Amino acid sequence: MLFSPTHRWSGVILHRLLEAALILSFYCNWADAHAHAAPFLFSSDMTMMCHRISSRGRRVGTTLSFVHMSRRHIERKRTSRCLLKQHSGSLSSPPTKNVAIIGGGLAGLSVAYHLLDIVGGEIDNFSGGMHITIYDKANVGAGGASAVAGGLVHPFSPRGKLIHFGLPALDHSNHLIEKAAKHQPQCIVRPHLYRIALSSQNASQLQNTAETCPDLAHWLSKDDINEKFGLESLGGVKLGNGCRVIHVPSYLKGLLKECEILAGETKGSIKWEVLREPRDNQQSPEVDSIVSLNQKLSRYDAVIMAAGAGIVSDGLVGTDNELPVQLVRGQSIEMLLPKEEIDSNDNAASNEAFLCGKYVSPLPCNASQEGQRFVVGATHEFKNEALDTNNVMEELRSRSYQLAPHLWDHGKVERLTMGFRMQSHRGRLGRMPMIGRYADGENATIAHENLWIFTGLSSRGLIYHGIFGRWLADAVWRDDEEMLRDQFAEFDWWKKKMKGRA
């Protein structure tokens, strides 16, 4: 007997291991050869099978992790493969290629850009192009809350903590900003901003911000703030390295231009159609406008509602009581600091953006301008009746005077602006956007079998619109909502809240 029973079993085990290695090698080589044609079929499978890495950077499995794939994940992959077979075995005709987007603000234009960008990455395998129509009540950058936003881009909560997805969200937003700035360079107003501490608690919070995020936040003592800006405070942080100030209307115009270029390069198209307001003499203006819109939308593969507060106020899905959101009115003041006042002021406060609850932010200027324009905002109003001009002035002055005393003492009020934001309910991860399919047929007045929603950005529109727009574009193009769960496990939090109310 050459081998003992133990040796015999060892040989069997070794043989099985070699056999498994050969099979795995064959699968990996086959996947590499086909990944270019359909990369989304293999990326997550192979990651889980070969070298799955946890969020902490620790190896958590090898081939065994493939065995532990959930039944839902496996079934979704089978569905995706079936979709490919239904479309000639390639990406020559993906599930979605004609898309209507209702709302052309931060959310709508982000999704539009990413849909076109995805097609650009598949151009060798995709005949035709992505065709997008954006429906809005105003021209680009001229309507909605996006048009009057303060323009402060940063990933921190009011307490100075990183918000959920904060760092990747900042990267995604800056990618879009850089694309838009090629066509509208004035959209980048300042490459940094300042958060000022006016209480000991806030000073402690911002010091912690500087310690935990030194790449983005640099602590300045109260003496530093006073010497540099002439402001009385308890210190503050300078936010940079991607944190910046932008002019949102200019940014939206630049992003639309980039979308038009992308569409031309990928044999697609993008159109902007302004919806006409119903006439006063119509008996049922809301119903008539929705009927007319539904007729337009019937020819599209997918419809994305990205109209912000307009989703509720224009009756696209019903009243705000049916969604886990709240409409918030925000009023801001645009002020002009005359050139002579800027020249006579020795500190740099006349040209910077400051944030502490309320904000004071510079607007783009040109050489012929009489001085530097600023926007000061914003109120948070939950009542049906808006604050009058005097109350708006009083609230904003009292809450921002310490940030910009020279502006308030010597500046001139030019105009008041107002916008409505869709504020989602606070959850375990803070206020997260609403994203996914909207399949509530009883409440939705937009009659389309493939209806999606992207709203609830509220005051975090600038930081969240890029990353969530990318995720939604992937899911819409593949007609696979579960792709969102791979990025954000709790993306459907709002659906669960709606079911809980039923």
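From a predicted model like this one, the values you see are computed outputs, not experimental measurements. (Residues numbered from 1 in each chain as written. Predicted model: local features only at pLDDT ≥ 70, side-chain atom pairs only at ≥ 80, totals over all residues. Heavy atoms only, no water.)

Caption draft 1: Quick look at the sheet that holds strand β10 (residues 244–246). Ordered in space as β5-β10-β6, the three strands form an open sheet in which the pairing is antiparallel. Looking at which strands have only one partner, the edges of the open sheet turn out to be β5 (152–153) and β6 (188–190). Across two bridges, β6 lies against β10 in antiparallel orientation. Bridged to I188 within β10 is I246. Contacting β5, β6 and β10, helix α6 (residues 166–181) crosses the sheet at an angle of about 45° to β10. (Pairing = 2+ DSSP bridges. Helix = DSSP H or I, 4+ residues; strand = E, 2+ residues; numbered from the N terminus. Contact = heavy atoms within 4.5 Å. Axes fitted to C-alpha atoms, helices over the stretch in contact; angles between N-to-C directions.)

Caption draft 2: Molecular detail of α6. Taking 1.5 Å as the rise per residue, α6 with 16 residues should run 22 Å; its terminal C-alpha atoms sit 22 Å apart, in good agreement. The set of residues buried in α6 consists of G166, A169, L170, S173, N174, L176, I177, A180 and A181. Here the buried residues of α6 occupy an arc of 165° about the axis, which is enough to place them on one side. In the core, the buried residues of α6 are packed alongside α5 (106–121), β5, β6, β10, α9 (248–265) and α15 (461–478). (Expected span 1.5 Å × (residues − 1). Buried < 20%, exposed > 50% of the residue type's maximum accessible area, 1.4 Å probe, protein only. Arc of directions from axis to C-beta.)

Caption draft 3: Broad picture of the pairing of strand β16 (residues 371–377). Within β16, six of the seven residues are buried, leaving the element largely enclosed by the surrounding structure. Two elements, strand β13 (residues 325–338) and β16, share six bridges in a ladder whose sense is antiparallel. Its bridge partner being in β16, P338 is matched across the sheet by G371. By the bridge criterion, four bridges tie strand β15 (residues 358–362) to β16 in an arrangement that is antiparallel. By the bridge assignment for β16, S361 is matched with V375.

Caption draft 4: Spatial organisation of the sheet that holds strand β12 (residues 302–305). What the six strands build is an open sheet, ordered β11-β4-β3-β12-β21-β20; its pairing is mixed. One side of each edge strand has no neighbouring strand; the edge strands of this open sheet are β11 (269–274) and β20 (434–437). Taking the axes of each pair of neighbouring strands and ignoring which way they run, one obtains an average angle of 15° across the sheet. Docked against the sheet, α5 engages β3 (98–102), β4 (131–136), β11, β12 and β21 (451–455), running at close to 175° with respect to β4.

Caption draft 5: Molecular detail of the environment of V245. Among the secondary structure elements, V245 is positioned in strand β10. Of the residues examined, V245 reaches a relative accessible area of 0% and is grouped as buried. Separated by 57 residues in sequence, V245 and I188 have C-alpha atoms that sit 6.3 Å apart. Look past the residues within four positions of V245 in its chain and what remains in contact with it is G151, L152, C187, I188, V189, R190, H192, L193, A353, S361 and P362.

Caption draft 6: Quick peek at the pattern of salt bridges. Scanning the entire structure with this criterion turns up 17 salt bridges. R244 is paired through a salt bridge with E178; the nearest N and O atoms lie 3.0 Å apart. Taken together, the positions of R244 in strand β10 and E178 in helix α6 put the pair 66 residues apart, joining distant regions of the chain. For R428, the salt bridge goes to E490, with nearest N and O atoms at 2.2 Å. With R428 in the loop between β18 (426–427) and β19 (430–431) and E490 in the loop between α16 (483–487) and α17 (493–501), the pair connects residues that are 62 residues apart, well separated along the chain. Relative accessible area serves as the criterion here: at 31%, E490 is assigned to the partly exposed category. Shared partners join several salt bridges into a network, and the residues in it are E334, R373, E414 and R415. (Salt bridge = Lys/Arg side-chain N within 4 Å of Asp/Glu carboxyl O.)

Caption draft 7: Fine view of the nonpolar core. With 106 residues, the main nonpolar core has I132, Y251, M305, I446, Y464 and F468 as its most contacted residues. Among the elements that take part in this core, α15 stands out by supplying eleven residues, more than any other. In this structure, F229, L231, F374 and W408 belong to the second largest nonpolar core, which totals 21 residues. (Core = buried A, V, L, I, M, F, W, Y, C linked by side-chain atoms within 4.5 Å.)

Caption draft 8: Molecular detail of unusual backbone geometry. Looking along the chain, the bond that leaves G377 and enters A378 is cis, with omega of -15°. Inspection of the secondary structure assignment puts A378 in the loop between β16 and α13 (389–400). If you check the backbone angles, S458 has positive phi at about 50° while not being a glycine. Turning to its location among the elements, S458 is positioned in the loop between β21 and α15.

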